[in-house]
Structure formats: C-alpha cells, structure tokens
Amino acid sequence: MHRGILVDLLDRNDDHVAALPSGSFDRQRDGQRPGVVSVCCSDSRVSQEGMFAVEEPGFLFTSGAIGNSVSALVDGERVLDGSVAYPLGHTHTEVLAVVGHTGCGAVDAALTAARTGEFPAEPGVRADVEALLPIVEAGLTDPVVVGEGGDVAGDRAGDENADNDADTSVRDRLVEYNVHEQVAFARESEEAADATVYGFVYDLHGVYGDRDGAVYLVNADGERDPATLCDLVGEAHADHVATLLER
C-alpha cells in the first residue's frame, strides 16, 4: 500500500480546508450555478482549476477526458458527454471551455495508430484513442497541419532528430486541430445550442509563447481568425491569442 501517498493526500486536504475562507459553501450547499464547464485533457500536468486560478467553489464545473473529448458513445452514436451536457442543461451554465494542451499523449497515441495501426493494449484507453483517430486522420490530410507535402514526418527516413522535431510539430498542430473539432462537435449538439463555446490550448512547452502555463484562445464559437479573436479579448489580453494553424 502507498501509505506515503495517502498521507500526502490527507495533508493536502488539510491545507485545502485551512485555506477556505469561512462560509465558502454558504451559497453553494443547496445547489450550484457554475459560470463555465471546462473539458480538459486528463493529464497530471494540466490543472483545470490551477490554470484559471480558481480558488472558490462553484465557479468551474470540471470534466477531464483523454484528449479533451466532449463526446461519448451511446448505443453506437456519438453524443455530447454527460459531464458536459449536465451542467449545460441542469445548472444554468452557459459557457463551455475546451482545453487541449501541448505534448498531449492521447493525440500522440492516435497519431501512432493512424500511422502504424498500433493501439494501446488497455481496452478503455484504446476506445478513447479510437474516438480521436478520425480527427487525427482528417488532420493528417489538412495542409495547415502537415504542410503541402503531407505527413512528411510519418513518411520519410532520415535524420532522427529532424524527424523527432517534425513529429512534435505535427502533434502539437494536431492538438489545436482536435480542439477545433471538439468545439465544432459541441456546437452541433442540441444541449450546447445556447452555450458559448471557447477553444483553448494550454502551453507547457513554449510552443505558442514564452510563458509556461499560459492558455491561448484559438476558437470562439467557431471563429478562428486571430485578428477577430484579438478584438474579442481586447488589447490587454491579445497575448492570449495565437495559432499554429495559419491558413
């Protein structure tokens, strides 16, 4: 048994309790009305509350999913995942934030599957990677993701470092491509018809800028043009707008 981890968890909870101001749950005990539901990749490096400095209860409804997927397979049909549909339909939440991140292992696994046909052995993980596969396969045919020459990194043999750099670059562009696809799926669902849907990429590799932990707005209700997004966020936050998918 990992008693050290257990003790660490309880110590951390004591810190959490001590940090909560008195009465923090007074307005939340009988229900919730979070301002936003966030769908983030299930990755230990990517804290949904942390990236938005959420310290108070009741603001952020969180959903973690491999590859920040907003969908679930029900009776053979792709539907909006319950952890997203619930707050939109039952807690008066009006904003959905889809947050991908650089260096995403799920996108990398789907990229490997697209190139080699190899999937993770665990059935549950395989199912999640299979859900991402059509998105990655479509991305690999899009010149804004792979360049005019196609999926060069997957097709060529040559300098190993150059190939690794090209793979990393393609993967991170696929991360953003996947965010756009998840936003599009959500916006097409009945449950999110009245919601505002934002797409972000959380950067922990210095891909979009030089600030570790910054989120970059790449999509707002289907709008992807950086200039338009800069107008939306205003001059003070224009440095939170970037894209790897210049058209």
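This text goes with the structure placed above it.
Residues numbered from 1 in each chain as written. Predicted model: local features only at pLDDT ≥ 70, side-chain atom pairs only at ≥ 80, totals over all residues. Heavy atoms only, no water.

The next subject is the overall build of the protein chain. The helix and strand tally for the protein chain stands at 9 helices and 7 strands. Scaling as 2.2 N^0.38, a compact globule of 247 residues should have a C-alpha radius of gyration of about 18 Å, and the protein chain matches this with 19 Å. Expressed as lengths along the three principal axes of its C-alpha atoms, the size of the protein chain is roughly 60 × 50 × 45 Å. Within the span of the protein chain, comprising 247 residues, buried residues form 38% of the whole. Intrachain contacts of the protein chain at a sequence separation of at least 6 include 65% that bridge at least 24 residues. Carbon and sulfur atoms provide 48% of the accessible area of the protein chain, an area that totals close to 13,700 Å². For the protein chain, the centre of its 16 positive side-chain charges and the centre of its 46 negative side-chain charges are spaced 3 Å apart. (Helix = DSSP H or I, 4+ residues; strand = E, 2+ residues; numbered from the N terminus. Rg over C-alpha atoms; globule rule 2.2 N^0.38 Å. Buried < 20%, exposed > 50% of the residue type's maximum accessible area, 1.4 Å probe, protein only. Contact = heavy atoms within 4.5 Å. Areas by Shrake-Rupley, 256 points an atom, 1.4 Å probe, with all protein chains shown as cover. Lys, Arg positive; Asp, Glu negative; His and termini not counted. Charge placed at Lys NZ, Arg CZ, Asp CG, Glu CD.)

The sheet contact formed by strand S3 (residues 71-74) and strand S4 (residues 77-80) spans 4 bridges and is antiparallel. Each residue of the ladder has a partner; that of Ala72, found in S4, is Val79. Counted between consecutive antiparallel strands, the loop separating S3 from S4 contains 2 residues, among which Asp75 sits at a positive phi close to 50°. (Pairing = 2+ DSSP bridges.)

Our focus in this paragraph is helix H3 (residues 82-90). Regarding H3, the residues found buried are Val84, Ala85, Pro87 and Leu88. Residues of H3 that are buried make contact with strand S1 (36-41), strand S2 (60-65), S4 and strand S5 (95-101). Looking one or two places after H3, you find His92, whose phi comes out positive at around 65°.

A separate point is the sheet that holds S2. Spatially, S2-S1-S5-S6-S7 is the arrangement adopted by the 5 strands of the open sheet, whose pairing is mixed. Bordering the open sheet on either side are S2 and strand S7 (214-220), each of which pairs with just one other strand. On average, adjacent strands in this sheet sit at an angle of 25° to one another, irrespective of strand direction. Relative to S2, S1 is paired through 6 bridges, and the arrangement is parallel. (Axes fitted to C-alpha atoms, helices over the stretch in contact; angles between N-to-C directions.)

Here we come to the pattern of salt bridges. Opposite charge on two side chains lets them pair, provided their charged atoms get close. Across all of its chains, the model carries 8 salt bridges by this definition. Two residues, Arg29 and Asp26, come together in a salt bridge whose shortest N-O distance is 3.3 Å. Judged on exposure class, the residue Arg29 and its partner Asp26 are both exposed. We note a salt bridge from Asp221 to Arg187, for which the minimum N-O separation is 3.7 Å. Taken together, the positions of Asp221 in the loop between S7 and helix H9 (226-233) and Arg187 in helix H8 (residues 160-188) put the pair 34 residues apart, joining distant regions of the chain. For Asp221, a relative accessible area of 31% gives the class partly exposed. On the basis of relative accessibility, which here comes to 41%, the residue Arg187 falls in the partly exposed class. (Salt bridge = Lys/Arg side-chain N within 4 Å of Asp/Glu carboxyl O.)

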